[in-house]
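Each chain, letter by letter, is given below.
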Amino acid sequence: MRVITGSARGRRLETPEGLETRPTSGKAKEAIFSAIQFEIEQATVLDLFAGSGQLGIEALSRGARLAVFVENGADAHSIIMRNLNNTGLMKSSRVARMDAIAYLKNAKDKFDIIFLDPPYDTNLAAEALPLCAGIAAPAGVIICETEKRTQLPETVGEFVRTKEYTFGIAKFSVYRRAEKE
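Residues numbered from 1 in each chain as written. Predicted model: local features only at pLDDT ≥ 70, side-chain atom pairs only at ≥ 80, totals over all residues. Heavy atoms only, no water.

Digging into the pattern of salt bridges
Here's step 1: Inspection of the entire model under this criterion finds ten salt bridges.
Here's step 2: Across the salt bridge formed by Glu58 and Arg62, the nearest N and O atoms sit 2.8 Å from each other.
Here's step 3: Among the salt bridges present, the one from Arg177 reaches Glu158, with a minimum N-O distance of 2.7 Å. Taken together, the positions of Arg177 in strand β8 (residues 170–177) and Glu158 in the loop between β6 (155–156) and β7 (159–167) put the pair 19 residues apart, joining distant regions of the chain.
Here's step 4: The structure contains a network of salt bridges with shared partners spanning Glu154, Arg161, Glu164 and Lys171. (Salt bridge = Lys/Arg side-chain N within 4 Å of Asp/Glu carboxyl O. Helix = DSSP H or I, 4+ residues; strand = E, 2+ residues; numbered from the N terminus.)

Looking at the side chain of Arg161
Here's step 1: Relative to the helices and strands, Arg161 is located in strand β7.
Here's step 2: A distance of 3.2 Å separates polar atoms of two side chains, one belonging to Arg161 and the other to Glu164. (Polar contact = N/O pair within 3.5 Å; in protein donor to acceptor, adjacent residues only side chain to side chain.)

What follows is the structure, encoded as structure tokens:
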């Protein structure tokens, strides 16, 4: 797995071994970043259930101002730290080794882009989405990866699902604040 473009383009990223994390495919990552390409510059990014940190690192490489990585697993946390050092993006990052739901419940910052990629066999996406909506910036976007059969709500707080992309077994749901009439 590599960084697609930007300042860290082509840099190889480590991934945790085993089945606890499943890296987002290159094709899916390209589609996600194509959909938000004009929103990344100077954005604040939250990468929840970060795994290897590849989504937040891609955003930083493309010009995001700050990325916060939240990962509870010790091995994955260490890999995020190594990936940030190897890409030269550590100075624009904060890494929290803690439970993502606990982080969301106590977060004070607002984020322009939130990546939510919980384990597939849990109800964590449905639990985390309303909390993400509460810390999203006014023009923020929430991108949630789930197993393709998982049904997520059409609306979450003031956010509405605007797009869905399916790649293999993964589905990406994009939420944006509803337009006021």
